[in-house]
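# Breakdown of the fold
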Amino acid sequence: MTAEEIKENVEALTLDESKRNKSSSKSAAPQDDDDALLDAMIRKAAESAEAAKAPTKVELTGKSPSSTTNNEPAPTAQTIPPRVGLTKLISEFAPGELCDYVDDNNRFRTTSEEKRALERAQYETMLYDFRRAAEVHRQVRTYAREAIKPGMKMIDICEAIEDTVRALVEGDDKSAGIGFPTGVSLNHVAAHYTPNAGDKTVLQYDDVMKVDFGVHVNGHIIDSAFTLTFNPRYDPLLEAVRAATDAGIKEAGIDVRLCDVGATVQEVMESHEIELDGKTFQVKPIRNLNGHTIGQYEIHGGKSVPIVNNGDQTKMEEGEVYAIETFGSTGRAYVHDEGECSHYSRRTDSGHVPLRLNTAKNLLAAIDKQFGTLPFCRRYLDRIGQTKYLLALNNLVKTGLLMDHPPLVDSRGSYTAQFEHTLMLRPTVKEVFSRGDDY
């Protein structure tokens, strides 16, 4: 009820009261009853007006956070599909899997007050960013595992994952958003395939799909991947690669040599076999694919983590962030570039390069503004309104300002699988940010 309606009701009641006062037939007791009734009606009208000012309770829908109006209550649960930003639901993001250092040289770190003080001083904000991005990754992949079905177009799968990342991390730029293009490589294609616009590839029941996507907050990137299949005959392949990744994570630590991580991964993976169509295949690590360090806004840092024993004596160090990823194959276990390119990234070591094409200058400016040094794909350029950019894009690659990353493929007819986690060698403990109940 509005204020004007309250006023009209009060005036009408007052007029009735005046008429009753003029009537000599009314006794004193009924008059008192009328006064009480008038007071009650005025109070009720005022309460109705106050209630009208309060926000109406709205049931949560699948709307994105940006569509919530000021009059709607704060969300209390996630939607299906997930579209509520996680900072609206979670006030403090939990740590990932914590693993104590168990070797003699680093066991002291678990209880060292000096190392704890160092963590509080140097890593508190970074840890928050990584944990927030990791929780986004867990929720997105949980949704993806339920939503992805044979018969879906690959481009629809990628866009469903990416739209969910943007919603839950509450960003789509250099402050927060997608860490790198969503990889959905199939079968003998091990990595770096995401569909370009117009790609009509459809997921099949017998496909082996590597789902590799990233989430970043302030440039702190969670890089984690899993392999999705529908036919159970591939389970031994997935189990081999999952076990090898877990072994690599267990081996990783401060002062550990990179070759020792690779040797551990190789030993575990090669202990597995898979039978396909009456033939038995040893699961072999793809020897020219590696894990890597992760820097801020830099998905591939300066160190590579082998998945075979390559003799690299370089040691892991305190404070470093690693993507421990392993790839297993039933084929040659060696990949090469093949197919239409979709992935690109800005070179950080290119320096100033004069550009003659205005279209290349304009495209580079748009890339720097939107992505910086974060990897991107052609669909992301389409999304920010770039058109007819292929000539300019190729020019930026040729001048050395951008790197292209074509699909990486093993022998045709083979199958490849991947599992990956992001961890940090904290001063006091090893934290596997992206660990979840699924893998």
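Keep in mind it's a predicted model, so treat the numbers as computed, not measured. The residue numbers shown here count from 1 along each chain, following its written sequence. This being a predicted model, a pLDDT of at least 70 is required before a residue's local features are given, and a value of 80 or more before pairs of side-chain atoms are given or counted; all residues contribute to the totals for chains, interfaces and linings. Heavy atoms from the whole structure form the basis of all side-chain values; hydrogens and water molecules are not counted.

Turning our attention to the overall build of the protein. Counting its regular elements, the protein contains ten helices and 19 strands. Expressed as a percentage of its 439 residues, the buried residues of the protein come to 48%. The contact rule is simple, with two residues in contact once any of their heavy atoms fall within 4.5 Å. For the protein, long-range pairs separated by at least 24 residues make up 74% of all intrachain contacts whose partners lie at least 6 apart in sequence. When the accessible surface of the protein is totalled, it reaches about 21600 Å², and 49% of it is carbon and sulfur. Strands here mean DSSP runs of E at least two residues long; helices mean DSSP runs of H or I at least four residues long; both are numbered from the N terminus. Partly exposed describes any residue whose relative accessible area lies between the buried limit of under 20% and the exposed limit of over 50%, with all areas from a 1.4 Å probe on protein chains only and scaled to the type maximum. Exposure was quantified through the Shrake-Rupley algorithm and a 1.4 Å probe, taking into account, for residues, occlusion by the shown protein chains and nothing else.

This part covers the sheet that holds strand β4 (residues 189-191). We treat two strands as partners when DSSP finds at least two bridges between them. In spatial order, the strands read β4-β17-β13; together these three strands make up an open sheet with antiparallel pairing. Whereas interior strands pair on both sides, the edge strands pair on one side only; in this sheet they are β4 and β13 (336-337). Sheet analysis places β13 next to strand β17 (residues 408-409), joined by two bridges and oriented antiparallel. Across the sheet, residue H336 finds its bridge partner in β17, namely V409.

Here we take up the UniProt feature "binding site: a divalent metal cation 1" (unreviewed entry) in the protein. Feature annotation in UniProt assigns "binding site: a divalent metal cation 1" (unreviewed entry) to the following positions: D212, D223 and E420. In summary, the annotated positions, though distributed over 209 residues, converge in three dimensions, the widest C-alpha pair being only 8.3 Å. Following the sequence through the fold, D212 ends up in strand β5 (residues 209-217). Of the residues examined, D212 reaches a relative accessible area of 15% and is grouped as buried. With near-sequence residues (within four places) excluded, D212 lies in contact with F180, P181, T182, G183, D223, S224, A225, Q418 and E420. UniProt positions are given in the numbering used here, feature names are shortened, and annotations may be inferred rather than shown by experiment.

Let us look at the packing of aromatic side chains. Each Phe, Tyr or Trp ring, with Trp reduced to its six-membered ring, pairs with another whose centre is within 6.5 Å; inter-plane angles below 30 degrees give stacked pairs, above 60 give edge-to-face pairs, and intermediate values give tilted ones. Tallying each qualifying case throughout the model produces eight aromatic pairs. Ring geometry for F226 against Y439: centres 5.8 Å apart, planes inclined by 40°, an arrangement best described as tilted. Highlighted residues: F226 in strand β6 (residues 220-228) and Y439 in the segment after β19 (430-432), separated in sequence by 213 residues. In this pair, the class of F226 matches that of Y439, namely buried. On the numbers, 5.0 Å between centres and 10° between planes, the contact of F371 with F376 is stacked. Pair check on accessibility: F371 and F376 agree, each one buried. Grouped by ring-pair contacts, the aromatic residues Y344, F371, F376 and Y380 constitute a single cluster. The cationic tip of R145 hangs over the ring face of F226; the distance from NZ or CZ to the ring centre is 4.3 Å. Only when the NZ atom of a Lys or the CZ atom of an Arg is both within 6 Å of the ring centre and within 35 degrees of the ring normal do we say a charge sits over the ring. The ring of Y380 has R166 lying over it, and the distance from NZ or CZ to the ring centre is 5.9 Å.

The strands making up a sheet associate through hydrogen bonds between their backbones, and the pairing can be parallel or antiparallel. Taken together, the three strands give an open sheet; going across it, the order is β15-β14-β16, and neighbouring strands pair in antiparallel fashion. The open sheet terminates on both sides in strands that have one partner only, identified here as β15 (376-377) and β16 (402-405). Inspection of the sheet shows strand β14 (residues 343-346) paired to β15 by two bridges, in the antiparallel sense. Across the sheet, the residue bridging to H343 is C377, located in β15. Each axis is a line fitted through C-alpha atoms, taken for helices only over the stretch in contact, and angles between the N-to-C directions span 0 to 180 degrees. Packed onto the sheet, helix α10 (residues 390-398) meets β14, β15 and β16 and runs at close to 105° relative to β16.

Side chains that are three or four residues apart share a direction in an α-helix, a result of its 3.6 residues per turn. Regarding α10, the residues found buried are A392, L393 and L396. When α10 is viewed along its axis, its buried side chains cluster within an angular range of 100° and face the same direction. Exposed positions of α10 whose direction lies more than 90 degrees from the buried face are L391 and K398. Looking at the buried residues of α10, the elements they touch are β14, α8 (358-370), β15, α9 (378-383) and β16. Two residues or fewer after α10 comes G400, characterised by a positive phi angle close to 85°. To obtain the arc, one takes the directions from the helix axis to the C-beta atoms.

Contact geometry of α8 with α10 gives a least axis separation of 9 Å together with a crossing angle of 80°. In terms of orientation, α8 lies roughly perpendicular with respect to α10. Judged by residue contacts, T359, A360, L363, L364 and I367 of α8 engage A392, L393, N395 and L396 from α10. Its residues assigned to classes, the contact of α8 with α10 shows seven nonpolar, two polar and no charged. Should an angle fall under 35 degrees it is called roughly parallel, over 145 degrees roughly antiparallel, and 65 to 115 degrees roughly perpendicular, with every other angle called oblique. Under the convention adopted here, Pro, Cys and the residues Ala, Val, Leu, Ile, Met, Phe, Trp and Tyr are nonpolar, Asp, Glu, Lys and Arg are charged, and Gly plus all remaining residues are polar.

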